[in-house]
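# Notes for the structure review
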Amino acid sequence: MAPDLPPNPLDLSGAWTALADPDRVGERDAWFSANRPGDDILLPGSAQTQGIGEAPTIDTPWVGAVTDHPFFSDERYARYRTPDDFRVPFWLQPERVYVGWIWYLRRIEIGPEHADTPLDLALERVHWESTVWIDGERIGSDRSLSAPHRFRVPALAAGEHTIAIRVDNSMIVDVGTNAHSVSDHTQGGWNGILGEMTLTPVSLLRLGPLELHPDIDARSVRVRATITADSLAGGRGTLALAARPLGDAPAPDPIEVPVVVEAERFTRGRETTSARVEATLPLGESARLWDEFDPFLYELTARLRPEGGTVPASVRSAEFGLRRVEAVGTQIAVNGRAVFLRGALECCVFPDTGYPPVDVEAWERIFRTCRDFGLNHLRFHSWCPPEAAFRAADRCGIYLQVEAPIWANQGAAIGEGGDVDGFLYAETERILVEYGSHPSFLLMAHGNEPREGPDVPFLERWVSFARHRDPRRLYTTAGGWPRLAVSDFDCIPDPRIQAWGEGMGSRINARPPETVTDYAAFVDGAERPIVTHESGQWCAYPNLREIDKYTGLMRAKNYEIARDFLDDAGMLAQADDMLHASGRLQVMAYKEEVESLLRTSGFGGVQLLGLSDFPGQGTAPVGVLDAFWEEKGYVTAAEFSRFFGPTVPLALLERRTWAASDDLVADVKVAHFGPRDLAGAISWRLVDEAGRELGSGMLEPGTIERGNARVYGSIRVSLAGVRVATRARLVIAVEAPGVVAENDWEIWVYPAVSPEGNGTLVTRSADEALAALAEGRRVLLVPRADDLRSPVVFGFSPVFWNTSWTSGQPPHTLGILCDPAHPAFARFPTDPHTNWQWWELLHDATALHLAGPAVDMRPVVQAIDSWFDARRLGLVVEARVGEGRLMVCTPDVVTDLDERLVARQLRASLEGYLASDAFDPETSLAPEEVRALLAGRLEG
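About the criteria used
- Residues numbered from 1 in each chain as written.
- Predicted model: local features only at pLDDT ≥ 70, side-chain atom pairs only at ≥ 80, totals over all residues.
- Heavy atoms only, no water.
- 1 Å grid on protein atoms, 1.4 Å probe; cavity = no way out; pocket = protein on both sides within 12 Å on 5 of 7 lines; lining within 4 Å.
- Points joined across faces, edges and corners; volume = space filled by probe spheres on them.
- Nonpolar A, V, L, I, M, F, W, Y, C, P; charged D, E, K, R; others polar.
- Pairing = 2+ DSSP bridges.
- Helix = DSSP H or I, 4+ residues; strand = E, 2+ residues; numbered from the N terminus.
- Axes fitted to C-alpha atoms, helices over the stretch in contact; angles between N-to-C directions.
- Contact = heavy atoms within 4.5 Å.
- Polar contact = N/O pair within 3.5 Å; in protein donor to acceptor, adjacent residues only side chain to side chain.
- Buried < 20%, exposed > 50% of the residue type's maximum accessible area, 1.4 Å probe, protein only.
- Salt bridge = Lys/Arg side-chain N within 4 Å of Asp/Glu carboxyl O.
- Parallel < 35°, antiparallel > 145°, perpendicular 65-115°, else oblique.
- Left-handed = near helix turned anticlockwise from the far one by under 90°.
- Arc of directions from axis to C-beta.
- Patch = residues over 30% accessible without salt bridge, like charges linked within 9 Å, V, L, I, M, F, W, Y side chains within 5 Å.
- Areas by Shrake-Rupley, 256 points an atom, 1.4 Å probe, with all protein chains shown as cover.

## Overview of empty space enclosed by the protein
Scanning all chains against the criterion turns up nine cavities of 30 Å³ or more. Approximately 80 Å³ is the volume attributed to the largest cavity. Taken together, Ile497, Arg507, Ile508, Arg511, Pro512, Pro513, Glu514, Glu592 and Trp836 make up the lining of the largest cavity. The class makeup of the residues in the lining of the largest cavity is five nonpolar, no polar and four charged. Of the voids in this model, the second largest cavity is the one considered here, and its volume is about 70 Å³. In this structure, the second largest cavity is lined by Leu345, Glu346, Cys347, Val349, Leu609, Gly610, Ser612, Asp613, Phe614, Val622 and Trp629.

In structure tokens form, the structure reads like this:
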């Protein structure tokens, strides 16, 4: 009988010698066989993290597009362009950069158990072309950004041998300078080998990779494999298949299948021949399915025993789950049940190392964080993660969208017959072979955002090829576009509440807030599921306390620049407040972004950009988590998952602000995409800030159905009892056995108020204001927008992506900052940050640039400028002007106050403040300085 198991692989991890070869002379000079001095290095690992390379400079040839940025010309950046203090604002900056050849050499000992038989050399996660020599003989080259590099090594005699691996991390194929597989925007251009490095003896009759096709209806798995043998001898044996449940389930009976690989009569120079084998392994009627709620796994072991002789068995194993994914109408269904993909992007941002982890534990931390925040989905933008990520996603129940490592745009192009075309097909095949059996691998795209016109025929062929090659998942052309009939689902930018380039015309900036809008028109016209591409992109101010966390290869020099600019403006002490205020606005925007989609019956899902920050492409802190997947302090997982979980109550409110004479009315939906219908109840309550209940009730109890189409009832609350301006919270809860899902919405109620008539002059004219100030009066100046000039475009929403990468797309600001305890707000309930009631005031408001004599002014309402400019901006400011006292309020608190409840209430509060002893401005301005402030000409 043959031995049951082959010898263990020879582990090549450990100490190596690294030889940098920037001039590419090593092959000519036979470095692969010479004993040359070099750097001691540990593999797996990267060269840059171990000190190889040079510090970046202004002349560093980065991989990644840089938009026209003042970094290269603005005097403010001059200090960062010097060799002694070089810092870039575009992305995280590596301590060392190196592009080109590096040789890795060491001596290895081949023992008797590995001698005199061919060997398989596996190198996991190489960046990104490798060439191998053993004892001076060239074995071959391989290239892949997605899958392990593999080499067949001829039999070696027992004893010591020299192995040399040359790794080239230059742009081997033009996959696109911004592709996250290669770009300095994200992981950077590391050089090295990260994961498994092994030499494994090759059996004469051996198994190829296993391809596992589950059948949920038959509760079985179809096993496909290639059996390889010597071309002249062929081979016979028995393939034993056994599945072991990784949890509480009965173990199915194993099966055995005879295997025959016929010898070839004419080898035509081939050393091996092969045969394809397929067999179905029943798992039993009670076999458990895999999905996000029950990520149940099996481990399949295939053992190929040769017939007779003493050749060891060839053994392979793989984990798999019983699941089926399909497009059913406009939704994606897993195991026959519609899902709503609640996703975000993973863009290969790993600051400590500059490269992705290859251990399961690191990925489980990320995926469990995703689950805590309500996600069930992650998209890998223009890159494919390592094996460990798939295994972790399998265990955590995360649905993955994987992409080939390509962003062929902005210079690169697919479909033109270049090397990238063949590379895409090769990478697709590698990805499907290596990772195709993982149940978490639900979706695939060719890459990100190609050209929409010329690339269409090529992408149509690619989708057809991939689907035919492996029907175990759904395919789409690309992340972003084009939208083609060949795709199983569309991953497109629309619909969302602000599109790229939409600026002040977007729904969030141009239309009053409500929670009714949905995207039924998109679903009605859709032929396939839509998963929105890169939704959100709402920025918060950089977390400057985060800088100290960057202790590895990648440093937050971009954040250091932002810190310096804020310090130069005298506002560094406000950094935490700006982070928190902009962060709360960011969360509000994401909540409405998500709920708009959840309100849309039959919608497929959403991919936020993102849950974690993207520190490249000009620096885009769009995440509620930082680049380390850790909280920033302004929202918790528990709060975020209230509107981004499997069961989300939804209130359909036609507005956010109400008169005390109104009845608050709202329909109630539930976006429920849990494992089953719920037998439960829906309760609601409306409470004010003091916790007093303004109303409560229960909707008719019954079944809460899966989906989001049904309205379960209406809420009506009389607000007549509200006597003072009040912020209240509408809370809706779903209560069922084992499930409590709650969501909430803030509303504001304003009773009627009358002008104070206290002698304060309220005017829109600067001339009238200055004349009254000269008489020592108190003045509330509400200038018309046309009479103001500002260096920024102020909007309600925060910055979209960032103002650098979008060439100044408005708005340029990140909301407001104020002190709710300030006496100016005694009759106007507010947060320290923007909230929905401010929309009426901030729409079309202008931010004043507080420079020169106003530079130390503390605005009553401050606008938060982009971190690229960090100017002190004010919306409501106050100053002494001679013997008079002036407040300038750029939000309109004069026009149509019978209809504009919020403006009416703020005006009443401001007038009360101006009439009080508390109105005592610290800053003094001359009349001509007031005019200059309004005209945007106040200079330091």
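## Examining the sheet that holds strand β12 (residues 159-168)
An order of β3-β2-β6-β12-β9-β10 is seen for the six strands of this open sheet, with the pairing classed as antiparallel. The sheet is open, and its two edges are formed by β3 (39-43) and β10 (137-143), each paired on a single side. Across this sheet, the average inter-strand angle for adjacent strands is 30°, counted without regard to direction. By the bridge criterion, six bridges tie strand β9 (residues 129-134) to β10 in an arrangement that is antiparallel. Looking at the pairing, Ile134 lines up with Glu137 of β10.

## Considerations on the environment of Asp518
Examined against the element boundaries, Asp518 turns out to sit in the loop between α5 (507-510) and α6 (520-524). Taking C-alpha positions, Asp518 is 20 Å from Trp839, a pair spaced 321 residues apart along the chain. Ignoring sequence-local partners within four residues, the contact set of Asp518 consists of Ser596, Arg599 and Thr600. A distance of 3.3 Å separates a polar side-chain atom of Asp518 from the backbone nitrogen of Ala520.

## Remarks on the pairing of strand β46 (residues 813-818)
Of all the six residues making up β46, six are buried; the element is thus mostly covered by neighbouring parts of the structure. Direction of pairing for β46 relative to strand β48 (residues 861-865): antiparallel, over a ladder of four bridges. Counted as the bridge partner of Thr813 is Asp865 from β48.

## A closer look at the pattern of salt bridges
Scanning the entire structure with this criterion turns up 68 salt bridges. Across the salt bridge formed by Asp564 and Arg87, the nearest N and O atoms sit 3.2 Å from each other. Of the two residues, Asp564 sits in helix α7 (residues 557-568) while Arg87 sits in the loop between β4 (45-46) and β5 (93-94), which places them 477 residues apart along the sequence. On the accessibility criterion, Asp564 (17% relative accessible area) is buried.

## Here's the deal with the packing of helix α3 (residues 419-435) against helix α4 (residues 456-469)
Closest axis-to-axis distance for the α3/α4 pair is 11 Å, and the angle between their directions is 20°. For the element pair α3 / α4, the angle class is roughly parallel. Handedness of the α3/α4 crossing: right-handed. Side by side, α3 and α4 meet where Asp421, Leu424, Tyr425, Thr428, Glu429, Leu432 and Val433 of the first sit next to Phe458, Arg461, Trp462, Phe465, Ala466 and Arg469 of the second.

## A short note on the sheet that holds strand β14 (residues 197-201)
Overall, antiparallel pairing links the four strands, which are arranged β1-β14-β7-β11 in an open sheet. Whereas interior strands pair on both sides, the edge strands pair on one side only; in this sheet they are β1 (10-11) and β11 (149-153). Note that strand β7 (residues 119-123) and β14 share five bridges and pair antiparallel. Paired with Leu123 across the strands is Met197, a residue of β14.

## Considering helix α10 (residues 766-774)
Listing the buried residues of α10 in full gives Ala769, Leu770, Ala772 and Leu773. One face of α10 carries all of its buried residues, which in axial projection span an arc of 160°. The inward-facing, buried residues of α10 contact β44 (761-763), β45 (778-781), β49 (872-881), β50 (884-889) and α13 (927-934). Where α10 terminates, the next one or two residues include Gly776, which has phi positive at roughly 85°.

## A short note on a nonpolar patch on the surface
On the surface, Ile58, Val66 and Phe72 cluster together to form a nonpolar patch covering roughly 240 Å² of accessible area. Mapped onto the elements of the fold, Ile58 is located in the loop between β4 and β5. On the basis of relative accessible area, Ile58 is assigned to the partly exposed category, the value being 36%.

## Topic: the side chain of Thr657
The topology assignment puts Thr657 in strand β36 (residues 657-659). With residues near it in sequence (within four places) discarded, Thr657 still touches Trp748, Tyr750, Gln837 and Val902.

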